[in-house]
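Structural characterization, general
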Amino acid sequence: QFNSPSGICIDNSNSFLYVADAHNHKIRKIDLATNTVTTFAGSTQGYANAMGTAVKFNNPAGICIDTYNNLYVAEDLGNRIRKINSTGYVSNLAGNGTIGSADGAGTAARFYNPSAVCVDAQKNVYVADDGNAKVRKITPSGTVTTVAGTIFGFEDGPVATAKFRITPGICIDTATNNLYLTD
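In short, a report on the structure. (Residues numbered from 1 in each chain as written. Predicted model: local features only at pLDDT ≥ 70, side-chain atom pairs only at ≥ 80, totals over all residues. Heavy atoms only, no water.)

1. Digging into the overall build of the protein
Counting secondary structure elements, the protein contains 0 helices and 15 strands. Relative to the 2.2 N^0.38 estimate, which gives 16 Å for 183 residues, the radius of gyration of the protein is 15 Å and therefore close to what a compact globule would have. Along the longest, intermediate and shortest principal axes, the C-alpha atoms of the protein span 45 × 35 × 30 Å. In the protein, buried positions account for 46% of the 183 residues. Considering only contacts in the protein between residues 6 or more positions apart, those separated by 24 or more positions represent 34%. (Helix = DSSP H or I, 4+ residues; strand = E, 2+ residues; numbered from the N terminus. Rg over C-alpha atoms; globule rule 2.2 N^0.38 Å. Buried < 20%, exposed > 50% of the residue type's maximum accessible area, 1.4 Å probe, protein only. Contact = heavy atoms within 4.5 Å.)

2. A word on the pattern of salt bridges
This structure, assessed with the given rule, holds 5 salt bridges. With a closest N to O distance of 2.9 Å, Asp 21 and Arg 28 form a salt bridge. Across the pair Asp 103 and Arg 136 runs a salt bridge, and its minimum N-O distance is 3.0 Å. Placement of the pair is Asp 103 in the loop between strand S8 (90-94) and strand S9 (104-105) and Arg 136 in strand S12 (residues 134-138), with a sequence separation of 33 residues. Classification of Arg 136 by relative accessible area gives buried; the value is 0%. Among the charged side chains, a network of salt bridges with common partners joins Asp 103, Asp 129 and Arg 136. (Salt bridge = Lys/Arg side-chain N within 4 Å of Asp/Glu carboxyl O.)

3. Observations regarding the side chain of Arg 28
Considering the arrangement of structural elements, one finds Arg 28 in strand S3 (residues 26-31). Among the residues examined, Arg 28 registers a relative accessible area of 10% and is labelled buried. For Arg 28, the side chain forms a polar contact with the main-chain oxygen of Gln 1, separated by 3.0 Å. In terms of polar contacts, Arg 28 uses its side chain to reach the side chain of Asp 21, at 2.9 Å. With residues up to four places along the chain from it excluded, the contact list for Arg 28 reads Gln 1, Phe 2, Leu 17, Tyr 18, Val 19, Asp 21, Val 37, Thr 38, Thr 39 and Phe 40. (Polar contact = N/O pair within 3.5 Å; in protein donor to acceptor, adjacent residues only side chain to side chain.)

4. So, the pairing of strand S15 (residues 178-182)
The sheet contact formed by strand S14 (residues 169-173) and S15 spans 5 bridges and is antiparallel. In the strand pairing of S15, Gly 169 is matched with Thr 182. (Pairing = 2+ DSSP bridges.)

5. Some remarks on the packing of aromatic side chains
By the definition in use, this model includes 1 aromatic pair. A cation over a ring is seen here: Lys 29 above Phe 16, with NZ or CZ 4.2 Å from the ring centre. (Phe/Tyr/Trp six-rings, centres within 6.5 Å; stacked < 30°, edge-to-face > 60°. Lys NZ or Arg CZ within 6 Å of the ring centre and 35° of its normal.)

Right, here's the structure in full:
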């Protein structure tokens with residue numbers, strides 16, 4: 001059973017579908033050959049880095065996988081971006097749980113209800129920072145910068161002046177690195 005599944009992605013071999021099971025605070029794994037659902041990571045609401053059911057999430061929302069089968073999770077109520085490496089270990093990539101909008105390295109960065117993530121070919125993670133109406137970029141070393149969005153509003157234009165109301169979804173075209181978002 002699921003409780004508000006909100007994000008999905010498929011692994012590089014097309015064998016497993018991963019689901020951000022938001023209100024169960026878990027990442028679920030579906031074996032596409034057998035349709036068997038297991039808990040890949042997570043147990044109860046909270047914050048803990050570990051493996052399997054020792055992990056705690058706070059409302060995982062968006063999820064994306066890179067070419068190395070690392071999963072990236074936008075933790076909506078936890079205001080963090082978490083990384084699950086290919087062996088299944090969960091760590092904190094950026095943010096420290098405090099609501100805000102601050103660029104910086106690792107836990108110095110602040111998010112406000114990040115809702116979705118996507119990854120480019122260079123392993124940069126792009127975040128739909130929903131509560132801040134911004135698009136954020138996290139480098140592989142964990143440095144967060146604001147790519148687009150200023151304040152809430154509706155305005156097309158250069159990334160430095162664009163305005164969004166909310167940004168619940170994000171995707172990247174890896175051929176040209178164009179970002180697409182829902183608003």
